[in-house]
Amino acid sequence: RVAEALPEWSVAPVSSGSATIAGDGAFVADEPGTYRVFAALGRRRAEAVVEVTPRNVARRAEIVGRLPLKGFQAAELWLHPAGRHAYLSTVGDRMYALDISDPARPTVTDSVMVDARTINDVMTTEDGKYGVLTREGASTRKNGIVILSFEDPAHPRQIAEFTETVSGGVHSTYVYRGYVYLTDDATGSMRVIDIRDPTSPKQVARWEVERSPAGRMLHDIAVEDGLAYLSYWNDGLVVLDVGNGMKGGRPEDPRLVTQFKYDLNAIYKKVELAGGPGFIRGTHTAWRAGRYVFVADEVFPAQQPRSGVGVLSLGRAYGRLHAVDVSDLAHPRLVAWYEAEDGGTHNVWVAGDTLYLGDYQGGLRVIDVSGELMGDLMAQGREIAHVHTGDSQGHTPNVANAWGAIYRNGLIYVPDMNSGLWIVRLEPKPEALP
């Protein structure tokens with residue numbers, strides 16, 4: 001039936017360049033130039049010429065302030081909602097409270113010490129009064145989370161802890177509307193902890209994918225608009241209703257909305273070739289922004305480095321950032337990706353039409369994610385800025401190891417494992433041409 005048939009599309013550069021056209025006619029060029037687009041449906045033929053101009057999104061980045069961290073490697077950063085303070089966790093037994101009111105001169109105001117080898121994550125409640133930090137590697141083997149009061153933002157203090165069902169360790173948390181959604185290292189499950197009374201936390205739910213031969217590992221959780229986005233390592237991206245209503249879910253009764261798996265082994269075959277047989281790889285973190293979920297993978301070669309260069313003992317990081325179209329949440333589609341040759345994706349932050357990426361040894365990368373996304377974002381010239389966060393006085397001299405990035409009010413805050421905190425400002429966008 002011709003009325004239901006789809007045309008066949010093709011594209012060819014007039015001189016040089018490369019471009020892609022999808023089965024529905026969506027067109028994207030990797031390089032500026034002139035392209036001829038063809039469509040055929042039965043005996044009918046049509047063509048059009050498309051002129052592609054340079055994107056020209058690059059902007060200069062200025063280092064506004066620095067806070068080197070001596071003796072410990074930095075990990076997660078969180079900004080207090082009131083804006084004057086921040087909190088920096090460590091690959092160690094302490095979290096630092098920072099005064100960032102003068103971004104050119106951030107200072108330490110206090111610290112919280114706990115029994116842990118790593119405090120991987122820290123986050124406050126939406127009002128900034130309370131929050132949690134995670135524990136891994138406690139000497140007592142009682143890890144879990146520590147509940148903190150941030151009522152004096154410069155001097156947070158411990159008021160409770162929760163270890164009962166998560167003593168094996170917690171790698172990541174997300175605090176949302178009185179509940180903590182956390183990853184349980186021991187079982188690979190998500191636990192939901194009610195902290196509406198922060199002095200008496202209690203577990204109200206557990207959710208997990210089926211255990212596979214490859215094992216079950218939940219690495220990261222983010223919650224927005226009542227939907228929890230779980231980065232489930234071997235099992236891809238999982239979305240749960242925890243209060244959105246589309247599946248009747250609640251914090252006490254999470255309900256599966258969708259799962260999106262992709263072939264990690266095929267994508268990262270080059271890492272196996274570079275580092276010997278076998279490699280570490282998985283779905284690491286996810287961020288919902290509009291119609292897309294941006295999913296970052298964490299990837300390491302199997303062969304460990306002979307030097308101290310790299311992420312802890314895991315060596316040089318690799319990884320790709322995927323853009324997954326979830327406009328039809330029941331049928332997610334992988335539509336675009338970003339991967340830098342010298343980078344290794346870790347944590348992301350999206351504000352408006354801009355994505356901020358802690359790219360491990362790639363440092364800070366700022367990426368334009370405006371409009372409709374399709375294909376290779378790096379090839380399309382969408383990188384706005386790149387800041388190498390290595391320091392000659394760092395834990396590993398002159399090597400960047402950017403953990404993540406947070407944007408607020410024109411400033412980008414970047415914790416680097418080797419060199420501490422960086423505060424960066426981009427020059428304003430150029431005014432649009434008339």
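For the structure, see preceding data.
Not measured: the values here are computed from a predicted model.

Brief notes about the pairing of strand S4 (residues 33–41)
Moving on, step 1. Alignment of strand S1 (residues 8–13) against S4, held across six bridges, turns out to be antiparallel. Within the sheet, the bridge partner assigned to Glu-8 lies in S4 and is Ala-40.
Moving on, step 2. Looking at chain direction, S4 and strand S5 (residues 44–52) are connected through nine bridges and run antiparallel. What sits directly across from Gly-33, in S5, is Val-52.
Moving on, step 3. Linking S4 back to S5 in an antiparallel pair, the connection comprises two residues, with Gly-42 at a positive phi of about 65°.

A look at the sheet that holds strand S21 (residues 237–241)
Moving on, step 1. If you trace the four strands from one edge of the open sheet to the other, you get S19-S20-S21-S22, paired in antiparallel fashion. For this open sheet the edge positions go to strand S19 (220–224) and strand S22 (255–260), each flanked by a neighbour on one side alone. Direction aside, neighbouring strands of the sheet carry axes that sit 20° apart on average.

A closer look at the sheet that holds strand S32 (residues 406–408)
Moving on, step 1. Spatially, four strands are ordered S6-S34-S33-S32 in an open sheet, and the strand pairing comes out antiparallel. Edge positions in the open sheet fall to strand S6 (61–67) and S32, since each of these has one partner strand only. Averaged over all pairs of adjacent strands, the angle between their axes in this sheet comes to 25°, without regard to strand direction.
Moving on, step 2. Direction of pairing for strand S33 (residues 411–416) relative to strand S34 (residues 420–426): antiparallel, over a ladder of five bridges. Its bridge partner lying in S34, Asp-416 is registered against Gly-420.

As for the environment of Glu-76
Moving on, step 1. Of note, Glu-76 is situated in strand S7 (residues 74–79).
Moving on, step 2. Under the relative-accessibility criterion, Glu-76 is labelled buried at 16%.
Moving on, step 3. Distance in space between the C-alpha atoms of Glu-76 and Ile-119 is 8.3 Å, their sequence separation being 43 residues.
Moving on, step 4. For Glu-76, the contacting residues outside a window of four places in its chain are Tyr-87, Leu-88, Ser-89, Asn-120, Asp-121, Val-122, Asn-347 and Trp-403.
Moving on, step 5. Polar contacts involving the side chain of Glu-76 include one to the side chain of Trp-403, which spans 3.5 Å.

With respect to the layout of surface pockets
Moving on, step 1. For the second largest pocket, the calculated volume is near 160 Å³.
Moving on, step 2. For the second largest pocket, the full set of lining residues is Ala-26, Phe-27, Val-28, Arg-55, Ser-370, Gly-371, Glu-372, Leu-373, Met-374, Gln-380 and Arg-382.
Moving on, step 3. Here the lining of the second largest pocket is composed, by residue class, of five nonpolar, three polar and three charged.

A closer look at unusual backbone geometry
Moving on, step 1. Unlike most non-glycine residues, Arg-177 shows phi in positive territory, near 50°.
Moving on, step 2. Relative to the assigned elements, Arg-177 resides in the loop between strand S15 (170–176) and strand S16 (179–184).

A few points about the environment of Leu-79
Moving on, step 1. Here Leu-79 shows up in strand S7.
Moving on, step 2. Each residue touching Leu-79, except ones within four places of it in the same chain, is listed here: His-85, Ala-86, Ile-100, Ile-406, Arg-408 and Tyr-413.

Describing the packing of aromatic side chains
Moving on, step 1. By the definition in use, this model includes nine aromatic pairs.
Moving on, step 2. Ring pairs connect the aromatic residues Trp-78, Trp-287 and Trp-349, which therefore count as one cluster.
Moving on, step 3. For Arg-66, the ring lying beneath its charged end belongs to Trp-422, and the centroid distance is 3.9 Å.
Moving on, step 4. In this arrangement the basic side chain of Arg-316 is found over the ring face of Tyr-318, its NZ or CZ atom lying 3.9 Å from the centre.

Here we look at the side chain of Thr-183
Moving on, step 1. Within the secondary structure layout, Thr-183 lies in strand S16.
Moving on, step 2. When its relative accessible area of 0% is taken as the criterion, Thr-183 is described as buried.
Moving on, step 3. Of the polar contacts made by the side chain of Thr-183, one reaches the backbone nitrogen of His-171; its length is 3.2 Å.
Moving on, step 4. Apart from residues no more than four positions distant in its own chain, Thr-183 is found in contact with Gly-169, Val-170, His-171, Ser-172, Ser-189, Leu-218, His-219, Asp-220 and Ile-221.

Remarks on the side chain of Arg-281
Moving on, step 1. The topology assignment puts Arg-281 in strand S23 (residues 279–289).
Moving on, step 2. No salt bridge is formed by the buried Arg-281, whose closest oppositely charged neighbour, Asp-263, lies at an N-O distance of 6.5 Å.
Moving on, step 3. Polar contacts involving the side chain of Arg-281 include one to the side chain of Asn-234, which spans 3.0 Å.

A few points about the nonpolar core
Moving on, step 1. Formed by 58 residues in total, the largest nonpolar core has its most connected members in Leu-77, Met-95, Leu-98, Leu-133 and Ile-412.
Moving on, step 2. Ranked by residue count, the leading element in this core is S34, at five residues.
Moving on, step 3. Those residues in contact with Met-95, other than ones at most four positions away along the chain, are Tyr-87, Leu-88, Ser-89, Asp-110, Ser-111, Val-112, Ile-119, Val-122, Leu-133, Leu-148, Phe-150 and Pro-156.
Moving on, step 4. In terms of nonpolar packing, the next biggest core, distinct from the first, is built from 19 residues, Leu-237, Phe-260, Ala-286 and Val-293 among them.

Cut-off values and rules
- Per chain, the residues get numbers from 1 upward, laid out in the order the sequence is written.
- Per-residue local features are limited, in this predicted model, to residues with pLDDT of at least 70; the limit for side-chain atom pairs, both in listing and counting, is 80 or more; totals at the level of whole chains, interfaces and linings are taken over all residues.
- Only hydrogens and water are set aside when side-chain values are computed; all heavy atoms of the structure are taken into account.
- Two strands qualify as a pair provided DSSP detects at least 2 bridges between them.
- A run of DSSP states H or I qualifies as a helix once it reaches four residues; a run of E qualifies as a strand once it reaches two. Both are numbered from the N-terminal end.
- A fitted line through C-alpha atoms represents every axis, and for helices the fit uses only the stretch in contact; the resulting angles, taken between N-to-C directions, go from 0 to 180 degrees.
- Residue burial is assigned from relative accessible area. The probe radius is 1.4 Å, only protein chains are included, and a residue is buried under 20% of its type maximum, exposed over 50%, and partly exposed in between.
- The criterion used for residue contact is that any of the two residues' heavy atoms lie within 4.5 Å.
- Definition of a polar contact: a pair of N or O atoms within 3.5 Å, with one able to donate and the other able to accept a hydrogen when the atoms are protein atoms, and with sequence-neighbouring residues admitted only if both atoms are side-chain atoms.
- Cavities and pockets are found on a 1 Å grid laid over the protein atoms alone: a cavity is a set of points where a 1.4 Å probe fits but cannot escape, a pocket is an open set with protein on both sides within 12 Å along at least five of seven lines, and a lining residue has an atom within 4 Å of such a point.
- Grid points are joined across faces, edges and corners, and a volume is the space filled by probe spheres set on the points.
- Gly is placed with the polar residues, together with every amino acid not listed as nonpolar (Ala, Val, Leu, Ile, Met, Phe, Trp, Tyr, Cys and Pro) or charged (Asp, Glu, Lys and Arg).
- Any two of the Phe, Tyr and Trp rings considered here, Trp counted by its six-membered ring, make a pair once their centres fall within 6.5 Å; the pair's planes then place it as stacked at under 30 degrees, edge-to-face at over 60, or tilted in between.
- Cation placement over rings: the criterion is NZ of Lys or CZ of Arg within 6 Å of the ring centroid and within 35° of the ring normal.
- Charged residues are defined here as Lys and Arg on the positive side and Asp and Glu on the negative side; His and the ends of the chain fall outside this count.
- By salt bridge we mean one thing: a side-chain nitrogen of Lys or Arg within 4 Å of a carboxyl oxygen of Asp or Glu.
- Put simply, a nonpolar core is a bunch of buried Ala, Val, Leu, Ile, Met, Phe, Trp, Tyr and Cys residues held in one set by side-chain atoms that sit within 4.5 Å of each other.

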